[in-house]
Amino acid sequence: MEEGYFGGEDGSEDELDERRDLFRYVTADNAAEYLAIMDQFTQTLLTDLSAAEVSEALAKRGIALPPEDAEARCASLVRWKNLMPSARDPRVPTVAALRHTRARFQVTRLGGTVHRQVTKVLQMRDGAREVARELLGSMAALLSKILSRAQQPRTIDAEALAADVTTVFTNQAYFADSIRDFYAYLSSVLVRYDLAGEEYASFKGLLLEYVHLIDTDISRHSPAVLKCLDDLQPVLDHVLSALDGLPGLASADGAPVERLPGRQYTDWAELLAWYSGGEGGMSGPAQLRAAAESALGQLLTNARRMLTAGGTGGARRSDLMHLAGLFAQASVEEAHRGFSAAFGAYPARHVSFGPEEADSRDTASTSWWDAGPVDVPVSLRERGDRTARGRTARVPDPGMDIARLQEEAAQELAARQTAGAELAAAGALDGAHLTPAARDLLLELVSMALAKELSPSRAVRVEDVDLHVAVDVAESDTDTVIRSDDGDTTFLRLALKACAADEARPGDPSAESAASENAAGASEDRQPPSAAGGVR
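Here is a short report on the structure shown in this document. (Residues numbered from 1 in each chain as written. Predicted model: local features only at pLDDT ≥ 70, side-chain atom pairs only at ≥ 80, totals over all residues. Heavy atoms only, no water.)

## As for the nonpolar core
Thinking step 1. Counting residues in hydrophobic clusters, the biggest one holds 48 residues, and the most contacted among them are Leu143, Leu232, Val239 and Trp268.
Thinking step 2. At twelve residues, the largest contribution of residues to this core is made by helix H9 (residues 158–190).
Thinking step 3. Core analysis: the next-biggest nonpolar cluster, separate from the first, contains 23 residues, Leu441, Leu442, Leu467 and Val469 among them. (Core = buried A, V, L, I, M, F, W, Y, C linked by side-chain atoms within 4.5 Å. Buried < 20%, exposed > 50% of the residue type's maximum accessible area, 1.4 Å probe, protein only. Helix = DSSP H or I, 4+ residues; strand = E, 2+ residues; numbered from the N terminus.)

Listed below in structure tokens is the structure:
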């Protein structure tokens, strides 16, 4: 950051706010209209337009903007310092001419600069940009001419010297910009894990051939450029004095004027530092070689990833782009159906085990933004490699866990059997005192009885053979109240009786017939056997 970027001696906060306002029209409401208006003011030099003329010019381009709205847009641009009011001649022949000259506007210097940069960014493509590598050879030749002129200060042609100096610094700026754009494109491609197939082959050719070509030109010309810059340092005063003698621009109010590059010591120092590295820094050619080595290393990593068994396989980028195009043209219902068909995510649900779990789980009502993150292995997250790493862990001995689980199950069964014996011995349960475990077992059996018949007109028996307990549930005019240490439980208009599982209910015909049959069978078994060979 330059000194004073956040305010201070070289720049105030108010001035910085005004500079930031220059970009507001790009993202403001009706941004397309603002861009069209700025196009009208920057297409020629010293353009002076009124709101009505702007409206007429936009109408020819197919943009309907009334003069009142055009004047409001121009007023906003004036407030943001992109435009400024223009001087007008009040002497006009007609009212129509007065209407056209009522308020006229011109583009400001900063507003024009910002709009040119915005237009350039909007028109740029996402692909690669060629590097102006041929400028290095011409820079070395121009620096040699400048050095030869500076060594003869009495015969210096200042105009030719100024042309060579401006060309050198312009070529250096363009070369550096193209290098930055090219390597930014490389980085945007190298981070893709789906790079494979024909796309990988074409990118490999670009990287191996074009980057090698750039590195070769830099290695050949940068030493010559650096030697010329080192030789220019003793005679740099002659160059700058000759350039200062040329006619220049002077501000009327004494404000500093932005000079062309190469007219100050700092410009030459920065140019020398770019090729030499300055004090302990890395030079520009060294940075380019390091970036090329890093790009080649990443290319080999991608090739190794594709050759491994757990690689990503073919690239799916084209398939995803095609699917995105289908989503853009589909309706809301079709988009939902297409998403479910493409990703199979429609039936997915978060399933929970209820509020009685000891640990909290993500349920169906939990948003994916609030749900717990999923741990991704480092090799998959950073390198896209799904191959298992390290040694296979030993299988633990489950003997201790099995013994622990069996002991817990035996303890739970013993507790339930105790509760079942207590409940079976209670008999009529109205006013009985039960432990919480026996009361909970009673609630389970009553719920099973009511599930059989919600409003029982006769007594319903539910048995638990394992616990050897049964409960009879019948309608009653009174309530049944069970006492426990942790509170009372009231069963509304139900009569409850507990007994052993093999105990017959009183008044049950099937039980009485079964009892009589058992008694008859027992009496027959008690008759003496007949004598051998006789007939009874």
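After that view, the rundown keeps rolling.
## A word on the sheet that holds strand E5 (residues 469–475)
Thinking step 1. The strand order across the open sheet built from three strands is E4-E5-E8, with neighbouring strands paired in antiparallel fashion. At either margin of the open sheet sits one strand with a lone partner, and together these are strand E4 (460–464) and strand E8 (494–499). Each adjacent strand pair in this sheet contributes to an overall mean axis angle of 20 degrees, direction not counted.
Thinking step 2. Examined bridge by bridge, E4 and E5 share five bridges and lie antiparallel to one another. Residue Glu463 lies in a different strand from E5, and its bridge partner there is Ala470.
Thinking step 3. Across the face of the sheet, helix H17 (residues 399–426) comes into contact with E4, E5 and E8 while running at roughly 50 degrees to E5.
Thinking step 4. Where helix H18 (residues 436–452) meets the sheet, it contacts E4, E5 and E8, and its direction lies at approximately 130 degrees from that of E4. (Pairing = 2+ DSSP bridges. Axes fitted to C-alpha atoms, helices over the stretch in contact; angles between N-to-C directions. Contact = heavy atoms within 4.5 Å.)

## As for the packing of H9 against helix H11 (residues 236–244)
Thinking step 1. In contact at an axis separation of 9 Å, H9 and H11 are set at 110 degrees when each is read in the N-to-C sense. Comparing their axes, H11 and H9 come out roughly perpendicular. Where H9 approaches H11, its residues Ala158, Leu161, Ala162 and Val165 are matched on the opposing element by Val239, Ala242 and Leu243.
Thinking step 2. For the contact of H9 with H11, the class distribution of residues is seven nonpolar, no polar and no charged. (Parallel < 35°, antiparallel > 145°, perpendicular 65-115°, else oblique. Nonpolar A, V, L, I, M, F, W, Y, C, P; charged D, E, K, R; others polar.)

## Things to note about the sheet that holds strand E3 (residues 104–107)
Thinking step 1. What the three strands build is an open sheet, ordered E1-E3-E2; its pairing is antiparallel. Edge positions in the sheet fall to strand E1 (49–50) and strand E2 (83–85), since each has one partner strand and no second.
Thinking step 2. Alignment of E1 against E3, held across two bridges, turns out to be antiparallel. If you follow Leu49 over to E3, its bridge partner there is Phe105.

## Topic: helix H12 (residues 265–276)
Thinking step 1. For H12, with twelve residues, the first-to-last C-alpha span of 16 Å sits near the 16 Å given by 1.5 Å per residue.
Thinking step 2. Residues of H12 that are buried: Asp267, Trp268, Leu271, Leu272 and Tyr275. Looking straight down H12, one finds that the buried residues subtend no more than 130 degrees of arc, so they occupy a single side.
Thinking step 3. Trailing H12 by a residue or two, Gly277 shows a phi angle of about 95 degrees, which is positive. (Expected span 1.5 Å × (residues − 1). Arc of directions from axis to C-beta.)

## Regarding the pattern of salt bridges
Thinking step 1. Applying the stated criterion across every chain yields a total of 16 salt bridges.
Thinking step 2. Among the ionic pairs, Asp48 bridges to Arg104, the shortest N-O distance being 2.3 Å. Placement of the pair is Asp48 in the loop between helix H3 (31–42) and E1 and Arg104 in strand E3, with a sequence separation of 56 residues.
Thinking step 3. Asp48 gets classed as partly exposed once you look at its relative accessible area, which sits at 24%.
Thinking step 4. Classification of Arg104 by relative accessible area gives buried; the value is 13%.
Thinking step 5. Here Glu408 ties to Arg404 by a salt bridge, and the two come within 3.2 Å at their closest N and O atoms. Pair noted here: Glu408 and Arg404 are both in helix H17, with a separation of four residues, about one helical turn. (Salt bridge = Lys/Arg side-chain N within 4 Å of Asp/Glu carboxyl O.)

## Things to note about the packing of aromatic side chains
Thinking step 1. Overall, the coordinates contain four aromatic pairs when judged by the stated rule.
Thinking step 2. Taken together, a centroid distance of 4.8 Å and an interplanar angle of 70 degrees make the contact between Trp274 and Tyr275 edge-to-face.
Thinking step 3. What makes Tyr275 buried here is its relative accessible area of 5%. (Phe/Tyr/Trp six-rings, centres within 6.5 Å; stacked < 30°, edge-to-face > 60°.)

## A closer look at the side chain of Gln40
Thinking step 1. Mapped onto the elements of the fold, Gln40 is located in helix H3.
Thinking step 2. The residues contacting Gln40, other than those within four sequence positions of it, are Thr47, Leu49, Ala57, Leu58 and Arg61.

## A word on the side chain of Thr489
Thinking step 1. One can find Thr489 in strand E7 (residues 487–491).
Thinking step 2. In this structure Thr489 touches Arg439, Leu443, Thr480, Val481 and Ile482, once residues within four positions along its chain are discounted.

## Focus: unusual backbone geometry
Thinking step 1. Non-glycine residue Asn30 carries a positive phi angle of around 60 degrees.
Thinking step 2. Among the structural elements, Asn30 can be located in the loop between helix H2 (24–27) and H3.

Don't take any of this as a statement about function, it's just geometry.
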